[in-house]
Amino acid sequence: MLADPDQEEDFQRFLRRVDDIAKLVQGLNPTDPAVKEQTTAETVKRLHDQENSKEEESKTVVNRTVINTRASDTANAEAWNADGFLAILEKDAKERAKRRKRNEHLANALKEKGNDAFRKGDYVIAVQRYTEGLEKLKDKQELYTNRAQAYLKMHEYEKAIGDCEWALKSRQCYEKILEIDPQKESLFKDCMNEVNLEEKRMKEEERAMKELQSGKLAALSIKELLQKLDRPDQSILYYMGGIRLLTGAVKDCTEQTLFRTNNGFSILKDNEVVRRGFCAERKNTAEVDLSVSLLFLWQAVCAGNEENQRLLLTYPDVNAQLPKLLSSGVPEIQKETLALISLYSETENGRRLLVRHQDLTKWLQILMTFVNSSDARASSAMNILSDLTEEERFKIQSRVLLSTGVLPLFAQLLASAKLVNQAALARCIGIMGNLCADVAIRMQMAECKECWQACLKLVDECFDVSTPKYQECLFAVLGLMMNLLLESNVIIQHFAVDISGRCMSLLREKDGRIVTRAIGVLSRILPVSSSAVEEVVKGGVVKKMIKFLKAGGQITSNYCIKTLSICTRSNRQAQEDLVKSDKNFSVLLKLLESENEMTVGNAAFCLGQCLVVPGAATSLLNSNVVMILLKHAGGDATRTSVQENAAIALGKLCVAEPRHIVQLRKLNGLAILNSSMKYVHGI
């Protein structure tokens, strides 16, 4: 609500006119000529009335744009019809857009000047700058909330409430738009979040101000300690001691808020001794202690406080120093920097602040180096990385240095698996596997020869190291390999035989999770190399897969039957091995009864491939295979491969052993088979 009633009334009148014009525009294109004529007449009348009232309109201080009625006679003539009127509106809209862009730039500049004055404690100037910004762009919400904060400092509570009421209109606007168009939910989620945070900030500061005015000791101590820290030219030990006392005084949200409202974050900007010690490239003992003390303080004032978290990252020195502190090599500094960053990464809003204010292109590489740490820093770094991978912008930024910085380091860590923090390495591998959801990252990793070599080395060493932590690394690296094998390139083809050989060796593992993933890797690597298929068939892969299929397990079964379908597709030895290993096709028949369509499709494919083996079709004479295949061939599975493979297998079955046709006729299945024959090739 505007402070001046006349201004408020004028602004509301302007909004009503906008609605009226919108209705007129909609009425200019009706199907009923009579309605169109009436709407055109109303439009002419409104343009005439608007010109007559222009002198009165100019008295208001509310910025607005009216349709230019002083155009040439030709333009006025065109306005009397629908096309001309719409053309004028379009031109006017473009002019408004240009003016708004220019005014938005000016409003932002004035907002920054107001923020600077606010930080310095000059609240009168801050109010002036925010007000000037609103004169340029009156619907800029943050100017209202910032000015309300300044009013609170000046104890102008009624004015602060007035600005808050205006800011709250934004919430109603966002909610209304979402109600009209639910698809805009993601678009307006950030806007609603900003509104909620502004409301929370105002309530916190109002409560903190009341406690300060009431003389509460804890509130007063924050202000007094900040005043003492504001003394210039003291020793670094003086400031360090004051910072530690201040940290101890911050107990709850009220103290956090008072720290902010009393310019606590400006200590780096305003205190040269503190800033120089914190930003020093090579820190002495006192500077290390000072930096650690600052990090403790920021943890205390930012824990659970979104506004403080936001404000801290707006300071250039903090933004520039965070990655440097992580790379400092000083354990105490690294530990507390990680603890501070964790406050951000653990929440959705905190992560958004990080990706908005920080250049994260180097963070993946920096945080990955902590895998070499044997203490809690490694776990903290992996927690942060795991959280950040949820942000799309982090993935995008991570692409920049992936091939030149991240992947060489990652390959080195994999190759040194026996020497690093294996618990952290397992998590790091899992994180890299999750990043493979980004196609650009996955493609770069899949083309990295050094990564594949390091993965194979880690697998090789698992036979020498059987500790639980190393097993977790092995489990994670197999998952990573499965994700990378979603790609296909010459590097993968080059390593196909080696990869499949390692997986065959892992089938002897006692850990069922590792066996399952090894089979999963087989199912994805074999399609790219016929040489790899030949090697695993020689190694007895068919017999092993039948063994695991008999043991059950849905995920393992899916990988096993997929592996068998690849091997039997073109390898006669594999076809013969399957007929020998699966007597009367009992395993395949059971899989054909599965509810999983992919399993059924692959089982039907395998069966069809193996029917070329002499005697295979005859061994099925006393089974219900015809009925099963017929059901799938004429079924309505969502995967068309199920119908196709079942029809092909049924056709091959009848060709290889004509006696199956008798059963087919009894089931009235010839019509179904004939309609499915378009899928059968080469029978």
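Residues numbered from 1 in each chain as written. Predicted model: local features only at pLDDT ≥ 70, side-chain atom pairs only at ≥ 80, totals over all residues. Heavy atoms only, no water.

(A) A look at the overall build of the chain. For the chain, the count of helices and strands is 39 helices and zero strands. Classification of the 683 residues of the chain by burial places 48% in the buried group. (Helix = DSSP H or I, 4+ residues; strand = E, 2+ residues; numbered from the N terminus. Buried < 20%, exposed > 50% of the residue type's maximum accessible area, 1.4 Å probe, protein only.)

(B) Spotlight on the environment of Leu 630. Note that Leu 630 resides in helix H36 (residues 625-633). Residues Leu 630 and Ala 647, 17 residues apart in the sequence, show an inter-C-alpha distance of 7.3 Å.

(C) Layout of the pattern of salt bridges. This model, assessed by the stated rule, comprises 20 salt bridges. Note that Glu 391 and Arg 351 form a salt bridge whose closest N and O atoms lie 3.2 Å from each other. Residue Glu 391 is found in the loop between helix H21 (376-388) and helix H22 (392-398), and its partner Arg 351 is found in helix H19 (residues 348-357); the two are separated by 40 residues along the sequence. For the pair Glu 391 and Arg 351, a shared accessibility class is recorded, and that class is buried. Connected via shared salt-bridge partners are Asp 116, Lys 120 and Lys 269. (Salt bridge = Lys/Arg side-chain N within 4 Å of Asp/Glu carboxyl O.)

(D) View of helix H25 (residues 439-446). Within H25, burial applies to Ile 441, Arg 442, Met 445 and Ala 446. Considered in projection along H25, the buried side chains sweep an arc of 125° and stay on one side of the axis. Residues of H25 that are buried in the fold lie against H22, helix H23 (402-415), helix H24 (422-435), helix H26 (449-461), helix H27 (468-484) and helix H28 (490-506). Where H25 begins, the side chain of Asp 438 points an oxygen toward the backbone nitrogen of Ala 440, at a separation of 3.1 Å. (Arc of directions from axis to C-beta. Contact = heavy atoms within 4.5 Å. Polar contact = N/O pair within 3.5 Å; in protein donor to acceptor, adjacent residues only side chain to side chain.)

(E) Expanded view of the nonpolar core. Core analysis: the largest hydrophobic core is formed by 172 residues, its most contacted members being Trp 298, Leu 367, Phe 410, Leu 425, Met 432, Met 445 and Leu 458. Take this core: its biggest share by element is 11 residues, from H27. By size, the runner-up hydrophobic cluster in this structure holds 13 residues, among which are Ala 117, Tyr 123, Val 127 and Tyr 151. (Core = buried A, V, L, I, M, F, W, Y, C linked by side-chain atoms within 4.5 Å.)

(F) Looking closely at the packing of helix H11 (residues 236-249) against helix H15 (residues 285-302). Contact geometry of H11 with H15 gives a least axis separation of 9 Å together with a crossing angle of 25°. Here H15 runs roughly parallel to H11, going by the angle between their axes. Considering only the axes of H11 and H15, their crossing is left-handed. Each of Ile 236, Met 240, Ile 243, Arg 244, Leu 246 and Thr 247 in H11 lies in contact with H15, whose residues at this interface are Ala 286, Glu 287, Asp 289, Leu 290, Ser 293, Leu 294, Phe 296, Leu 297 and Ala 300. Counted by class, the contact of H11 with H15 contains 10 nonpolar, two polar and three charged residues. (Axes fitted to C-alpha atoms, helices over the stretch in contact; angles between N-to-C directions. Parallel < 35°, antiparallel > 145°, perpendicular 65-115°, else oblique. Left-handed = near helix turned anticlockwise from the far one by under 90°. Nonpolar A, V, L, I, M, F, W, Y, C, P; charged D, E, K, R; others polar.)

(G) Just the packing of H23 against H26, in detail. In the contact formed by H23 and H26, the axes pass within 8 Å of each other and the chain directions differ by 15°. Our classification of the angle between H23 and H26 gives roughly parallel. As H23 packs across H26, the resulting crossing turns out to be left-handed. Seen from H23, the contacting residues are Leu 407, Phe 410, Ala 411, Leu 414 and Ala 415; seen from H26, they are Glu 450, Cys 451, Ala 454, Cys 455, Lys 457, Leu 458 and Glu 461. Of the residues contributing to the contact of H23 with H26, the split by class is nine nonpolar, no polar and three charged.

(H) Looking closely at the environment of Lys 200. Within the element layout of this structure, Lys 200 appears in helix H9 (residues 185-213). Apart from the residues lying within four places of it in its own chain, the contact partners of Lys 200 are Gly 304 and Glu 306.

(I) Representation of unusual backbone geometry in the model. With a phi angle near 60°, Asn 263 is a residue other than glycine that sits in the positive phi range. Along the polypeptide, Asn 263 turns up in the loop between helix H12 (253-261) and helix H13 (267-270). Although it is not a glycine, Asn 584 adopts a positive phi angle of roughly 55°. With respect to the element layout, Asn 584 can be found in the loop between helix H33 (572-581) and helix H34 (586-591).

(J) Region of interest: the side chain of Gln 299. Within the secondary structure, Gln 299 sits in helix H15. According to the relative accessible area criterion, Gln 299 is buried, its value standing at 16%. Side chain to side chain, Gln 299 and Glu 336 meet in a polar contact 2.9 Å long. Setting aside anything within four residues of it in sequence, one finds Gln 299 in contact with Glu 336, Ala 339, Leu 340 and Leu 343.

(K) Layout of the environment of Arg 231. Mapped onto the secondary structure, Arg 231 falls in the loop between helix H10 (217-229) and H11. For Arg 231 and Asn 271, which are 40 residues apart along the polypeptide, the C-alpha to C-alpha distance reads 8.5 Å. When sequence neighbours within four positions are dropped, the list of residues in contact with Arg 231 reads Tyr 238, Tyr 239 and Asn 271.

(L) Focus on the side chain of Gln 609. Positionally, Gln 609 belongs in helix H35 (residues 597-610). With relative accessibility at 15%, the residue Gln 609 sits in the buried group. Apart from the residues lying within four places of it in its own chain, the contact partners of Gln 609 are Thr 568, Arg 569, Gln 575 and Lys 652.

(M) Representation of the confidence of the model for the chain within the structure. The pLDDT averaged across the chain works out to 83; a share of 79% of its residues lies at or above 70. Note on residues 21-30: pLDDT under 50 across the span, and 22 contacts to partners over four residues away in sequence or across chains. Scored below 50 in pLDDT, residues 50-80 shows 41 contacts in the model against residues more than four places distant or in partner chains. (pLDDT = per-residue confidence, 0-100.)

(N) Spotlight on the state of the cysteines. Considering all chains together, one arrives at zero disulfides under this definition. Here Cys 455 is not cross-linked by a disulfide; its sulfur's nearest cysteine counterpart is in Cys 451, at 6.4 Å. Free cysteine Cys 610: the closest other cysteine sulfur is in Cys 606, separated by 6.2 Å. (Disulfide = S-S within 2.5 Å.)

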